[in-house]
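Residue-level listing of the chains:
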Amino acid sequence: MKNDGIGSANISALHCIDLSSPDIHTSVSLLKQACLDSGFFYVVNHGISQEFMDEVFAQSKKLFDLPLEEKMKLLRNEKHRGYTPSLDEHLDPDNQINGDYKEGYYIGVEIPEDDPEAHRPFYGSNVWPTAGTLPGWKETMENYHHEALEVTKAVSRLIALALDLDVDFFDRPEFLGRPIATLRLLHYEEKLSDPSNGIFGAGAHSDYGLITLLATDDVCGLQICKDKDTKPQIWEYVPPLRGAFVVNLGDMLERWSNGIFRSTLHRVLGNGQERFSIAYFVEPSHDCLVECLPTCQSKVNPPRYPPIKCEAYLLQRYKDTHADRNSYK
């Protein structure tokens, strides 16, 4: 990790889950503790090589290094695919004087326009740079999209066991069989954040999907707040861990688990250094019914939320938060 000036600031000690470990019992136990505490944890030995991760980050940098006029030709379309410029998004409008000091690029599940499912709100065609502008870029991102989904499915199997469900619970077609999954490339400016004056790399928010994978470079910036109601709020840095993903649970999984598992407030502070990260947001299929899991309810702990289809839930959350897409790290 680079010398990023965080000094003696609070550091969050997250559990680290080894996805290659044969000791499933220990992995499930560690993951369950993390999900009860903050919903944040690391995963290592996830099957994606460091060489390929380095290539994905290199290709991401090539995109953001393009002149602004070239990037604006790839501006986000009506399906929320493509480029978003700096200050375009406000994740915490009540506390931000400007937008987030980051630029991004959305890549969703590629669905041909003639596919019967292409009309669904979160499916459609992506926006791609031309091969002449960025050779091999599309292929790299498509491969990463596929590999990140496999990591998410591996994590979901441990989550299922931690919730006393069948290991393949989330593998069902209506859950992660045809998911809503979005890859988000992120580039933070060399800007120094100042929370007291409403200046953030990314404002405070919780993700409202199922699971998020985050790959980062070696510049620290991500913070979590385990208790959003504490005054003043206590923020802890999540240090980068080379070769690992930072995984966090979204509001949908908190709802699904009847509030047992946590979706935690988080934000990004800039320290004057350029920073790159890659977020991968995963939700179940459009028609998945999100209702209290049978293992998370009882006579003394009845379901807190009514059942709702995933598509309706996501559309409502977008409307409520005035956000154009999921949370960003």
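Residues numbered from 1 in each chain as written. Predicted model: local features only at pLDDT ≥ 70, side-chain atom pairs only at ≥ 80, totals over all residues. Heavy atoms only, no water.

**A few points about the overall build of the protein**
- The helix and strand tally for the protein stands at seven helices and 14 strands.
- On the principal axes, the C-alpha backbone points of the protein span a range of 60 × 55 × 40 Å.
- Out of the 329 residues belonging to the protein, those deemed buried represent 55%.
- Of the contacts made within the protein by residues no fewer than 6 positions apart, 78% connect residues no fewer than 24 positions apart. (Helix = DSSP H or I, 4+ residues; strand = E, 2+ residues; numbered from the N terminus. Buried < 20%, exposed > 50% of the residue type's maximum accessible area, 1.4 Å probe, protein only. Contact = heavy atoms within 4.5 Å.)

**Examining the environment of Pro22**
- With respect to the helices and strands, the residue Pro22 is situated in the loop between β1 (16–18) and α1 (24–37).
- In sequence terms Pro22 and Asn45 are 23 residues apart; their C-alpha atoms lie 12 Å from each other.

**Examining the packing of α1 against helix α4 (residues 137–162)**
- It is the contact of α1 with α4, at a shortest axis distance of 9 Å, that shows an interaxial angle of 80°. What the angle tells us is that α1 and α4 run roughly perpendicular. Across the interface between the two elements, Ile24, Ser27, Val28, Leu31 and Lys32 from α1 touch Val155, Leu158, Ile159, Leu161 and Ala162 from α4.
- Grouping the amino acids of the contact of α1 with α4 by side-chain chemistry returns eight nonpolar, one polar and one charged. (Axes fitted to C-alpha atoms, helices over the stretch in contact; angles between N-to-C directions. Parallel < 35°, antiparallel > 145°, perpendicular 65-115°, else oblique. Nonpolar A, V, L, I, M, F, W, Y, C, P; charged D, E, K, R; others polar.)

**Observations regarding the sheet that holds strand β11 (residues 265–268)**
- Pairing within the open sheet is antiparallel, and its four strands lie in the order β6-β11-β8-β9. A strand with exactly one partner marks an edge of an open sheet, and here the two such strands are β6 (202–205) and β9 (236–237). (Pairing = 2+ DSSP bridges.)

**A few points about the sheet that holds strand β2 (residues 40–44)**
- An order of β1-β2-β10-β7-β12-β5-β4-β3 is seen for the eight strands of this open sheet, with the pairing classed as mixed. Only two strands of the sheet have a single neighbouring strand rather than two, namely β1 and β3 (82–84). The sheet shows a mean angle of 25° between the axes of neighbouring strands, taken without regard to direction.
- For strand β7 (residues 211–216) and strand β10 (residues 245–249), the ladder comprises four bridges, and the chain directions are antiparallel. When the sheet's bridge partners are listed, Leu213 is paired in β10 with Val247.
- Across the sheet, α1 is in contact with β1, β2 and β10; its angle to β1 comes to roughly 150°.

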